[in-house]
Amino acid sequence: MQGAAPGARTLVAGVDSSTQSCKVVIADAATGSVVREGRAPHPPGTEVDPEAWWVALDEAITAAGGLEDVAAVSIAGQQHGMVALDAAGEVIRPALLWNDTRSAHAAAQLTTEFPDIVARTGSRPVASFTATKLRWLRDAEPENASRVHAVALPHDWLTWRLRGYGPGNADFTALVTDRSDASGTSYWNPHSGDYDRELLVAALGHDAILPRVLGPGEAAGALPSGTLIGAGAGDNAAAALGLGAREGDVVVSIGTSGTVFAVAGSPVGADAVAGFADASGLFLPLVATLNAARVLDAIAGLLAVSHDELGRLALGAAPGSAGLVLQPWFEGERTPDRPDATATLFGMTLAATTRENLARAAIEGLLCGLADGLDAVRSAGVDARRILLIGGAAQNPAVSTIAAQVFDVPVVVPEPGEYVARGAAAQAAWVASGTRPDWTVPLATEPASDHRPVIREQYAARR
């Protein structure tokens, strides 16, 4: 992995090391236009040997044409994952990822032991967060826990490795992270910007080296060729940066799971809202739901139609689906916290039970769950003036049309793109120039606002 040739300062690279794959985009630093890109898969599972990420990063950079002509690079990645390192810089055990739930009991323990933990970290611990995984390690694998010399997050570790560190060259003073990823650990305080060592020790059983937290636009170092390396970011914060989100913007992402996150000027945290920091120096209160696009998968499968046909059926029904309401908690729910819940279809009458109404009820149900998330971030003090609707499902005309009926603020749908990697590239451009770039984000559609209160009213009544 080589860096840019001397004087080449027009291109930047952004990396999205996600749960499923590694994606690299090479973009024009002035405009954000993607010049080339590459990707490589990650192994499945909820625990993964980090070496697989390193191999995928190398493959994705090669597929993107290398970094020889790149001025700066930044790595964004999946949040919360626990990378435990020994004194020699070796990975002690496979990393536990955000979606590994074996630490749910540990999350409950930490919440009980520290009733003020939301005030101290901005968030109530859940099984996703790093501190809960360290507590699980302490209790389930005490020998491994005793060997932990340093703790990194996935993007921290990759940035460290890209700079040439690791086993045989374990300079832990070079281990860095950013505010957004640090805020998802449950041992960093977004108010003070400091680690909470008491929480770390309570989780792991002893103190350990943690990455130095860099500010927005601050370089982590450079490749031997001079290519600068940014601090990186957590995936949601990088997406917000890639979308150019500012205060008043709320991003609603419809993936396998759903997220609602907003840019806020001051720390925001509540029991149902994760009070994360963002990658621009502000804050990123976030609500996550378990049931989003897979709701559409389930109902499209039941009706034996494609997602496009599901959308056409849905637009053939009136708002409110003639009283048919789908509460779409197919495999439990995270927000609200109902891990053992199941999905329920309400309001079935002979007149209401049609293919069209069921298709619309599926879309209305998943959007109402996300609208509840919007309510939660608003109640925590967020000002919502515009919704940026992203994710594959957002490109379905029925989803965007119905979103403009469910949400009571204007909705826009950006063109599909690798916004996490694009956000990392924007951070790289910031590092290279000293100024946050102002890239234009093209819109795919801007559905006319058509708020229909009946949709959420009947959903709330059934909930």
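The rules behind these values
- Residues numbered from 1 in each chain as written.
- Predicted model: local features only at pLDDT ≥ 70, side-chain atom pairs only at ≥ 80, totals over all residues.
- Heavy atoms only, no water.
- Helix = DSSP H or I, 4+ residues; strand = E, 2+ residues; numbered from the N terminus.
- Buried < 20%, exposed > 50% of the residue type's maximum accessible area, 1.4 Å probe, protein only.
- Areas by Shrake-Rupley, 256 points an atom, 1.4 Å probe, with all protein chains shown as cover.
- Salt bridge = Lys/Arg side-chain N within 4 Å of Asp/Glu carboxyl O.
- Pairing = 2+ DSSP bridges.
- Axes fitted to C-alpha atoms, helices over the stretch in contact; angles between N-to-C directions.
- Core = buried A, V, L, I, M, F, W, Y, C linked by side-chain atoms within 4.5 Å.
- Contact = heavy atoms within 4.5 Å.
- Lys, Arg positive; Asp, Glu negative; His and termini not counted.
- pLDDT = per-residue confidence, 0-100.
- Arc of directions from axis to C-beta.
- Phe/Tyr/Trp six-rings, centres within 6.5 Å; stacked < 30°, edge-to-face > 60°.
- Lys NZ or Arg CZ within 6 Å of the ring centre and 35° of its normal.
- Polar contact = N/O pair within 3.5 Å; in protein donor to acceptor, adjacent residues only side chain to side chain.

Student: Looking at this structure, I do not really get the overall build of the protein. What am I missing?
Tutor: The helix and strand tally for the protein stands at 15 helices and 24 strands. Structurally, the protein occupies a C-alpha span of about 70 × 50 × 40 Å along its principal axes. The buried share of the protein, taken over its 463 residues, is 57%. Total accessible area computed for the protein in this model is approximately 16800 Å², and 52% of it derives from carbon and sulfur atoms.

Student: Explain the pattern of salt bridges here, please?
Tutor: Side chains that differ in sign of charge can pair as their charged atoms come close. Counted by the stated rule, this structure contains 25 salt bridges. Salt-bridge contacts for R138 lead to D139; the nearest nitrogen and oxygen are separated by 2.9 Å. For R138, a relative accessible area of 30% gives the class partly exposed. Put simply, R385 and D383 hold a salt bridge, and the shortest N to O gap is 2.3 Å. What emerges from the salt-bridge pattern is a single network uniting E47, R93, D100, R102 and E141.

Student: What's the story with the pairing of strand β13 (residues 219–222) in this structure? I'm lost.
Tutor: Strand residues, when the strand is regular, have side chains that alternate between the two faces of the sheet. Where β13 meets strand β14 (residues 228–230), 3 bridges bridge the pair, whose relative direction is antiparallel. Note on β14: the bridge partner recorded for G221 is I229. As consecutive antiparallel partners, β13 and β14 are separated by 5 residues, and within that stretch G226 has a phi angle of approximately 110°, a positive value.

Student: Would you explain the sheet that holds strand β18 (residues 274–277) in this entry?
Tutor: Remark on secondary structure: sheet strands pair via backbone hydrogen bonds, oriented parallel or antiparallel. Spatially, 7 strands are ordered β18-β19-β17-β16-β22-β23-β24 in an open sheet, and the strand pairing comes out mixed. Two strands in the sheet have a free side with no partner beyond their single neighbour: β18 and β24 (443–445). Strand-to-strand, the axes of this sheet are offset by a mean angle of 30°, without reference to chain direction. In the sheet, strand β17 (residues 258–262) pairs with strand β19 (residues 283–289) via 4 bridges, with the strands oriented antiparallel. Pairing of F261 across the sheet is with L286, part of β19.

Student: Sorry if this is basic, but what is going on with the nonpolar core here?
Tutor: Counting 59 residues, the largest nonpolar core has I254, L367, L389 and F407 as its most contacted members. Sorting elements by how many residues they give to this core places helix α12 (residues 355–379) first, with 13 residues. With near-sequence residues (within four places) excluded, L389 lies in contact with V252, I254, A394, V399, S400, A403, V411, V412, V413 and P414. Formed by 38 residues, the second largest nonpolar core is a distinct cluster that contains A76, F276, Y419 and A428.

Student: Looking at this structure, I do not really get the side chain of R422. What am I missing?
Tutor: Mapped onto the elements, R422 comes out in helix α14 (residues 419–433). One buried charged residue, R422, remains without a salt bridge, the closest side chain of opposite sign being D438 at 8.8 Å. Apart from residues lying up to four places away in sequence, R422 is in contact with V25, T31, G32, G242, W439, T440 and V441.

Student: Just checking my understanding: could you explain the pairing of strand β1 (residues 11–17) for this structure?
Tutor: Taking burial as the measure, the 7 residues of β1 include 7 buried ones, the bulk of the element. Alignment of β1 against strand β2 (residues 21–28), held across 7 bridges, turns out to be antiparallel. Of the residues in β2, the one forming a bridge with D16 is K23. If you look at the hairpin formed by β1 and β2, you'll find 3 residues sitting between the two strands.

Student: Honestly, the confidence of the model for the protein in this entry has me stumped. Any pointers?
Tutor: Of all residues in the protein, 98% have pLDDT values of 70 or greater, and the mean over the chain is 94. Counted against residues more than four places away or in other chains, residues 1–9, with its pLDDT under 50, gives 30 contacts.

Student: Even after reading the chapter, I still don't get helix α2 (residues 104–113), so can you show me in this structure?
Tutor: Because the α-helix completes a turn every 3.6 residues, residues three or four places apart line up on one side. Taken as a whole, α2 has its buried residues at A106, A107 and L110. Buried residues of α2, seen end-on, are gathered within an arc of 105° and therefore sit on one face of the element. Exposed and facing more than 90 degrees away from the buried side of α2 are H105 and T112. Lining the buried residues of α2 we find α3 (117–121) and α4 (130–140).

Student: So what exactly am I meant to see when it comes to the environment of D49 here?
Tutor: Tracing the backbone shows D49 in the loop between β4 (47–48) and α1 (50–63). Along the sequence, D49 and V91 sit 42 residues apart, while their C-alpha atoms lie 8.2 Å from each other.

Student: Sorry, what's going on with the packing of aromatic side chains here?
Tutor: Describing an aromatic ring pair means giving the distance of the ring centres and the angle of the ring planes. Counted by the stated rule, this structure contains 4 aromatic pairs. Look at F129 and F276: their rings are 5.9 Å apart centre to centre, the planes differ by 55°, and that puts the pair in the tilted class. With F129 in the loop between α3 and α4 and F276 in strand β18, the pair connects residues that are 147 residues apart, well separated along the chain. Taken individually, F129 and F276 each receive the classification buried, so the pair is uniform in this respect. Ring centres of Y187 and Y195 lie 6.2 Å apart, and the angle between their planes is 40°; on these two criteria the pair is classed as tilted. Members of the aromatic cluster, each reached through a chain of ring pairs, are W160, Y165 and F172. If you follow R102 out to its NZ or CZ, it ends over the ring of W136, 4.9 Å from the centre. Just above the ring of F283 sits the side chain of R179; from NZ or CZ to the centre is 5.1 Å.

Student: I'm lost on unusual backbone geometry in this one. Help?
Tutor: Excluding glycine, residues mostly have negative phi values, and the peptide bonds linking residues are mostly trans. The phi dihedral of S186 falls on the positive side, at around 70°, and the residue is not glycine. Mapped onto the elements of the fold, S186 is located in the loop between α7 (179–182) and β10 (188–189). Take S186: its relative accessible area is 3%, and that puts it in the buried class. Within the chain, A304 stands out as a residue other than glycine whose phi angle is a positive 55°. Along the chain, A304 turns up in the loop between α10 (293–303) and α11 (307–315).

Student: Help me understand the side chain of R360 in this model?
Tutor: Relative to the elements of secondary structure, R360 occurs in helix α12. Here A317 takes part through its backbone oxygen, which lies 3.0 Å from a polar atom of the side chain of R360. In contact with R360, other than residues within four places in its own chain, are A314, A317, A318, P319, G320, S321, I402, Q405 and I455.

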